[in-house]
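Each chain is listed here by its residues.
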Amino acid sequence: MKNYLLYLVMLTGAVIFAQNKVSDMLYDIADAPSAERIEIDINKLVDFGTRHTLSDTVSETRGIGAARRWIKAEFDRISEACKGCLEVQYQSTLEPKNERRIIKDTYIVNVMAIQRGTVYPNSYVIMSGDIDSRVSDPNNYTDDSPGANDNASGMAGTIEAARVLSKYQFPVSIIYVGLSGEEQGLFGGKHLAQKAKKEGWDIIGVINNDMIGNYHGI
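One structure accompanies this document, and this report is about it. (Residues numbered from 1 in each chain as written. Predicted model: local features only at pLDDT ≥ 70, side-chain atom pairs only at ≥ 80, totals over all residues. Heavy atoms only, no water.)

## A closer look at the packing of aromatic side chains
Now for step 1: Under the counting rule described, the total for this entry stands at two aromatic pairs.
Now for step 2: Relative to Trp-201, the ring of Tyr-124 has its centre 4.7 Å away and its plane inclined at 35 degrees; by these criteria the two rings are tilted. You can see Tyr-124 sitting in strand β3 (residues 120-130) and its partner Trp-201 sitting in the loop between α6 (187-199) and β5 (202-209), a full 77 residues away along the chain.
Now for step 3: Relative accessible area serves as the criterion here: at 3%, Tyr-124 is assigned to the buried category.
Now for step 4: With a centroid separation of 6.4 Å and 40 degrees between ring planes, the pair formed by Tyr-168 and Phe-170 is classed as tilted.
Now for step 5: Lys-72 extends its terminal NZ or CZ atom over the ring of Tyr-90, reaching a point 5.8 Å from the ring centre. (Phe/Tyr/Trp six-rings, centres within 6.5 Å; stacked < 30°, edge-to-face > 60°. Helix = DSSP H or I, 4+ residues; strand = E, 2+ residues; numbered from the N terminus. Buried < 20%, exposed > 50% of the residue type's maximum accessible area, 1.4 Å probe, protein only. Lys NZ or Arg CZ within 6 Å of the ring centre and 35° of its normal.)

Okay, here's the thing in structure tokens:
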């Protein structure tokens, strides 16, 4: 996690500051991530039972709907702590039924928090984690699918990055995003890319958190 955050800071162009100030900031950021907070967030995401893209969207305690509302609420809390420094929003796109892994018309809903850059607000570094999980059968959206490693770990890491980096200002913008529909065919990432292309984003880099600390170390 520390390596991810250090790389993210360097991508945001922090080197325009005086070298000693940057060095101090990097050390502060490297020490800031909390393994305890990340573990709490992973357990919270696991507690939704399943986060399958086609799962329940109404329940407050189970399914993809409850999970993404909780993620948005976390981003909202982080934004409140930094006096509104994050623009928190859903990105929702209807994905029609197909013959493979979308077996009914389904809304693909990403959760985004944008931290605007102070100099180049239309230049972006994106840190993502995917929200959804599934069992071996990609069309089974009712059975428990805890997905602690794949990919509650990545989503928790993205939230923790927002907690840490929102305490600082950077020349370019950072987008923290939870992507949906990734297990069904990378739909959340596709829709975000389409939005970026349509709006003419200048994307400096993307860091995708996928199975942080996974025992196979992919």
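## Some words on the state of the cysteines
Among covalent bonds in proteins, the disulfide is the one between the sulfur atoms of two cysteines.
Now for step 1: Counting across every chain of the model gives one disulfide.
Now for step 2: At a sulfur-sulfur separation of 2.0 Å, the disulfide partner of Cys-82 is Cys-85. Handedness here is read from the sign of the S-S torsion; for Cys-82 and Cys-85, about -85 degrees, the answer is left-handed.
Now for step 3: By relative accessible area, which is 25% here, Cys-85 ends up partly exposed. (Disulfide = S-S within 2.5 Å.)

## Points about the nonpolar core
Now for step 1: Ranked by internal contacts, the top residues of the largest apolar core, which has 32 residues, are Ile-71, Phe-75 and Tyr-176.
Now for step 2: Broken down by secondary-structure element, the contributors of at least two residues to this core are α2 (19-31), α3 (35-46), α4 (64-81), β1 (86-95), β2 (106-115), α5 (148-165) and β4 (172-179).
Now for step 3: It is α5 that contributes the most residues to this core, eight residues altogether.
Now for step 4: Every residue in contact with Tyr-176, bar those within four places of it in the chain, is listed here: Phe-75, Leu-86, Val-111, Met-112, Ala-113, Gln-115, Met-127, Thr-158, Ala-161, Ala-162, Leu-165 and Ser-166.
Now for step 5: Within the second largest apolar cluster, 10 residues are counted, among which are Ile-114, Ile-175, Ala-196 and Trp-201. (Core = buried A, V, L, I, M, F, W, Y, C linked by side-chain atoms within 4.5 Å. Contact = heavy atoms within 4.5 Å.)

Everything listed here is a matter of geometry and, on its own, says nothing about what the molecule does.
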